[in-house]
Amino acid sequence: MITIEEGINLLNKEKVVAIPTETVYGLAASINSLPALENIFAVKQRPFFDPLIVHVTGKTMAQSLVTYWPVYANQLADAFWPGPLTMVLPKSSLVKDIITAGLDSVAIRVPKHPVALEIIRQVGPLAAPSANMFTRTSPTCAEHVEVEFKGAVPVINGGPCEVGIESTVLGLFEKQIKIYRPGLITKDQISKVVGTDILIEHASSPVAPGQIKHHYMPKRPLALASDLEQLPSELKDQEISIWKMDGSAELVARELYSQMRKLDGKQGLMVFLVDKKNYHDEKWAGIKNRVQKAATYNFLE
Ligand code: TXA
Ligand code: MG
């Protein structure tokens, strides 16, 4: 673990540093350092077709990175930044192709973590994916990152993440918003802010369709159910670890990846028990999306 000052020094020397955000830990590089950006992909073993999110301190910095900024983007930024909302907009020439995987749009957000904001103020915009190996579970505390990269990446410890799942990712168009990745900020909340002129729909991301099927993947099989009785006997006939996803969406999201990691080391099956009503509630869309991608068996559909 390193201090904030050491992290800033390393980032200025074109190195990669793991930083806390309110959602999950990020593996950060300055958007101006090609070697550091390349290193993010190498460290994560992430394919170059998967673009990175750029983290900024606010609207002005965000606007310098895009060529189009609809009026309703101001409303979204005022309502949700700093916070777990990412906006995808046409990129300006300041954004390197490696960041956007060659796409002409860039994903941007303002993280709500004092450490992340202080570092961005001093270093400038930071590209940062979640600080985990490609397709694996995102880290929600500094220790997760240390374990994930076996100590090979310097980490700034900012405590446990308050949100616990990754940001809601939105594609912004003239009269339309596409929700590419659901999160704790819901369609209803977005709709209230932008008004009825803008059509909002869930849509698959333009990024590598179909290529990233298994994400958030634990090593041990995971079953989703509302009741243990739903499991067929061949599944019940083994060692089982259970997590009850009880409480609000906020509480469950905060715990989700820690629980996945905690139960993952053992033998047999992990079972996440969740109320069917919650599972299909819009507030839980982000949680549903993550556990669906992680699950081997799903008895909730
Ligand atoms: O909460 C978060 O968003 C965390 C923290 C660290 O900020 N970051 C994160 O990054 O989850 P990552 O790389 O694991 O996921 C970013 C996703 C990409 O996989 C991609 O689906 C989407 O954001 N994305 C990035 N750029 C995009 C673009 N130009 N168009 C569409 N989707 C994009
Ligand atoms: Mg990720």
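Since we're looking at a predicted model, the values are computed, not measured.

K.L.:
Which residues make up the pairing of strand β12 (residues 269-273), and what are the values?
P.N.:
Each regular strand displays side chains that alternate between the two surfaces of the sheet. In terms of burial, β12 is a largely internal element, five of the five residues being buried. Because side chains alternate across β12, one face comprises the buried residues Leu269, Val271 and Leu273, and the other comprises Met270 and Phe272, equally buried. When strand β10 (residues 222-225) meets β12, the two strands line up parallel, connected through four bridges. Paired with Ala225 across the bridge in β12 is Leu273.

K.L.:
Please provide a residue-by-residue account of the packing of aromatic side chains, values included.
P.N.:
Counted under the stated rule, the structure contains three aromatic pairs. Lying over the aromatic face of Phe173, Lys178 brings its terminal NZ or CZ to 5.3 Å of the ring centre.

K.L.:
Mind laying out the environment of Ser33, listing which residues take part and the relevant values?
P.N.:
Within the secondary structure, Ser33 sits in the loop between β2 (26-30) and α2 (34-44). When neighbours within four sequence positions are excluded, Ser33 is seen to be in contact with Glu14 and Lys96. From its side chain, Ser33 meets the backbone nitrogen of Ala36 in a polar contact 3.1 Å long.

K.L.:
Go over helix α4 (residues 71-80) with me, naming the residues and quoting the values.
P.N.:
Taken residue by residue, α4 has Tyr72, Ala73, Leu76, Ala77 and Phe80 as its buried positions. All buried residues of α4 project into a common sector of 145 degrees when viewed along the axis, lining one side. What points out from α4, more than 90 degrees from its buried face, is the exposed set Val71 and Asp78.

What counts, and where the lines are drawn
Residues numbered from 1 in each chain as written. Chains lettered and ligands numbered in written order. Predicted model: local features only at pLDDT ≥ 70, side-chain atom pairs only at ≥ 80, totals over all residues. Heavy atoms only, no water. Buried < 20%, exposed > 50% of the residue type's maximum accessible area, 1.4 Å probe, protein only. Helix = DSSP H or I, 4+ residues; strand = E, 2+ residues; numbered from the N terminus. Pairing = 2+ DSSP bridges. Phe/Tyr/Trp six-rings, centres within 6.5 Å; stacked < 30°, edge-to-face > 60°. Lys NZ or Arg CZ within 6 Å of the ring centre and 35° of its normal. Contact = heavy atoms within 4.5 Å. Polar contact = N/O pair within 3.5 Å; in protein donor to acceptor, adjacent residues only side chain to side chain. Arc of directions from axis to C-beta.

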